[in-house]
Amino acid sequence: MISSNVHVRRAGLADAGTVTGLVAALLSELSAGQNDTPRAVMLAVAESLLSGGASYTVFLAEDGAGRPLGVATLSEGACISTLGRFGTIRELYVTPESRSAGVGRVLIRAVLDHGRAHRWSRVEVGAPSAAEWPDSLRFYKREGFTEIGPRLKFRLA
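About the criteria used
- One numbering rule holds for all chains: residues counted from 1, following each sequence as written.
- With pLDDT at 70 or above as the cut-off, local features in this predicted model cover only qualifying residues; side-chain atom pairs require 80 or more to be listed or tallied, and sums for whole chains, interfaces and linings still use all residues.
- Processing note: side-chain calculations cover all non-hydrogen atoms of the structure and skip hydrogens and water entirely.
- Note on conventions: DSSP H or I runs of at least 4 residues are helices, E runs of at least 2 residues are strands, and numbering of each starts at the N terminus.
- Any pair of N or O atoms that falls within 3.5 Å is considered a polar contact. Within protein, one atom must be able to donate a hydrogen and the other to accept it, and sequence-neighbouring residues count only if both atoms are side-chain atoms.
- Contacts are assigned to residue pairs with any non-hydrogen atoms lying within 4.5 Å of each other.
- Whenever Lys or Arg places a side-chain nitrogen within 4 Å of a carboxyl oxygen from Asp or Glu, that contact is recorded as a salt bridge.
- Type-normalised accessible area, obtained with a 1.4 Å probe on protein chains alone, sets the label of each residue: buried when under 20%, exposed when over 50%, and partly exposed for intermediate values.

In this section: the side chain of Ser75. Position of Ser75 relative to the elements: it lies in strand β3 (residues 68-79). In this structure the side chain of Ser75 is engaged in a polar contact, spanning 2.9 Å, whose partner is the side chain of Arg90. In this structure, Ser75 is in contact with Ser55, Tyr56, Phe86, Gly87, Thr88 and Arg90, ignoring residues within four places of it in sequence.

Here it is in structure tokens:
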């Protein structure tokens, strides 16, 4: 059930601190508190991305009083195999006390509506390990996402 007190809006540069705090909480949870990226570095990156172009978008979920409940960040990409432009959810986080209240669903709806408005062919997400985070995988599947295989990374810096 979605709480009627949840509102989603597109984040702007003035929201960089809030976005950084939510993403830092996500990284802390995923890494069992081992995220060592300095908050000031994350804030600088958030400010840069939020002041950039249309290929990076952030949605904030808030309660009726404007308190942050969650965040979704996404970027636009393009390739032949997706038949053009598509979106990728880079981070999706809902505060622990707001989970099971429909906040994630409202954020996903905002992302999908954004993708439709920009004529994306699809939206992808790199979900965390199903073995370690089965609730996350169940959430995405419940929202209509299907598995397309694992993702790998190679750090350049």
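There is more to say, and it comes next.
Summed over the entire model, instances satisfying the criterion amount to 10 salt bridges. The partner of Arg85 in a salt bridge is Glu76, and the shortest N-O contact between them spans 3.4 Å. When its relative accessible area of 27% is taken as the criterion, Glu76 is described as partly exposed. Among the ionic pairs, Arg122 bridges to Glu124, the shortest N-O distance being 2.6 Å. The class for Glu124 is buried, based on a relative accessible area of 14%. Beyond isolated ion pairs, a larger network of salt bridges with shared partners links Arg9, Asp15 and Glu62.

Take unusual backbone geometry next. With phi around 55°, Ala32 is a residue other than glycine that occupies positive phi space. When you line up the elements, Ala32 lands in the loop between α1 (16-30) and α2 (39-50). Non-glycine residue Arg119 carries a positive phi angle of around 60°. As for its placement among the helices and strands, Arg119 is situated in the loop between α3 (103-117) and β5 (123-125). A residue is classified by how much of its surface remains accessible, and Arg119, at 72% relative accessible area, is exposed.

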